[in-house]
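Report on the structure
Here is what each chain is made of, one letter per residue.
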Amino acid sequence: MTILITAGPTREPLDPVRYLSNRSSGKMGYALAAAASAIGHRVLLISGPTNLDIPSGVDFVPVESAADMYQAVATRIGKCELAIFAAAVADYRPANFASDKIKKTDDVLTVDFVRNPDILGSARKEMGFEGILVGFAAETQNLEENARHKLTRKKCDFVVANDVSRRDIGFDSNDNEILLVYPDHSQPLPRDSKEHLAHHILEAALKLRPLPSS
Ligand code: CTP
């Protein structure tokens, strides 16, 4: 099977030396890529900038901004049977890129932001993806309800939800505690390493549809 995985943060440039980004380490996406590659699948890992080593055997596509990630996904997802969107994509980018470094002048600097494309939300409709689709939901409140809303809106098979208000798990941590949210039920996975959770998420995704006969 060919599996596409997005991972890491995106960087939204403001001027030649500055960008807007977030605290995603990329660990969950890289753990998924390593787990899938280890059991013999072809993996396309489309990743924003991280400090992690590229898992062995994966096809690595480095990107910076959400627009870059959108293009990288749109041109490759058609060849994949499973797509897992673990990236923490910036929802907004600066409306204007200043080609020269912004110099300090006034006490207050105001920057306008515009919406980035929703890559996961475009997979079914704009990109015509018909394979197994798995999203992530990082929430600080109403975990299951918000994740279920994303599941429906983005037409996923299931969403991996986690509570990012907890400092002991999630962003930047080696561990996580997650809830797999399906259209008609949900399944909690207790706190564990991201490596172990990656195997469970992958197993859950792979049992959704029969494997092609090859
Ligand atoms: N995602 C994406 N492209 C974006 C934003 C998010 O592909 N521009 C994907 C993420 O990789 C993740 C899922 O969508 O799998 C959930 O992202 P999130 O930012 O939490 O969802 P939003 O729909 O932006 O919801 P909100 O900001 O309202 O919480």
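Keep in mind the model is a prediction, meaning the values are calculated, not measured. (Residues numbered from 1 in each chain as written. Predicted model: local features only at pLDDT ≥ 70, side-chain atom pairs only at ≥ 80, totals over all residues. Heavy atoms only, no water.)

This paragraph deals with the overall build of the chain. Scanning the chain for helices and strands turns up 5 helices and 12 strands. A compact globule built from 214 residues would reach a C-alpha radius of gyration of about 17 Å, and the chain, at 18 Å, matches this within 12%. Within the chain, the 28 negative side-chain charges are centred at a point lying 2 Å from the centre of the 25 positive side-chain charges. (Helix = DSSP H or I, 4+ residues; strand = E, 2+ residues; numbered from the N terminus. Rg over C-alpha atoms; globule rule 2.2 N^0.38 Å. Lys, Arg positive; Asp, Glu negative; His and termini not counted. Charge placed at Lys NZ, Arg CZ, Asp CG, Glu CD.)

For the rest of this paragraph, the subject is the nonpolar core. Ranked by size, the top nonpolar core spans 32 residues in total, and within it Leu-32, Leu-82, Phe-158, Leu-180 and Ile-201 carry the most contacts. The set of elements that each furnish at least two residues to this core consists of strand E1 (2–7), helix H1 (27–38), strand E4 (42–47), strand E6 (82–85), strand E9 (132–139), strand E10 (158–163), strand E11 (175–181) and helix H5 (194–206). Setting aside its immediate chain neighbours within four residues, Leu-180 contacts Phe-158, Val-159, Val-160, His-185, Ser-186, Gln-187, Leu-189, Ile-201 and Ala-204. Counting 28 residues, the second largest nonpolar core, distinct from the first, contains Val-61, Val-63, Leu-120 and Leu-151. (Core = buried A, V, L, I, M, F, W, Y, C linked by side-chain atoms within 4.5 Å. Buried < 20%, exposed > 50% of the residue type's maximum accessible area, 1.4 Å probe, protein only. Contact = heavy atoms within 4.5 Å.)

This part is about the site of the ligand. Taken together, the neighbourhood of the ligand is formed by 13 residues, with Phe-85, Ala-87, Phe-136, Lys-150 and Arg-153 sitting nearest. One of the side-chain nitrogen or oxygen atoms of Lys-150 is found 2.7 Å away from an oxygen atom of the ligand. Measuring from an oxygen atom of the ligand, one finds a side-chain N or O atom of Lys-154 at 2.9 Å. For the ligand, whose unbound accessible area comes to 580 Å², protein coverage reaches 78%. Of all the elements in the fold, those that place two or more residues in the shell around the ligand are helix H3 (119–123), E9 and helix H4 (143–153). (Near = heavy atom within 4 Å. Polar contact = N/O pair within 3.5 Å; in protein donor to acceptor, adjacent residues only side chain to side chain. Areas by Shrake-Rupley, 256 points an atom, 1.4 Å probe, with all protein chains shown as cover.)

The next point concerns the environment of Lys-154. Position of Lys-154 among the secondary structure elements: in the loop between H4 and E10. When the C-alpha positions of Lys-154 and Ile-119 are compared, they lie 9.4 Å apart, and in sequence the two are 35 residues distant. Polar side-chain contacts of Lys-154 include one of 3.1 Å to the side chain of Asp-118.

Moving on, we get to the sheet that holds E6. The strand order across the open sheet built from 8 strands is E5-E4-E1-E6-E9-E10-E11-E12, with neighbouring strands paired in mixed fashion. Pairing within the sheet leaves two strands with one partner each, and these edge strands are strand E5 (59–62) and strand E12 (186–193). Within this sheet the neighbouring strands show an average axis-to-axis angle of 15 degrees, counted without direction. (Pairing = 2+ DSSP bridges. Axes fitted to C-alpha atoms, helices over the stretch in contact; angles between N-to-C directions.)

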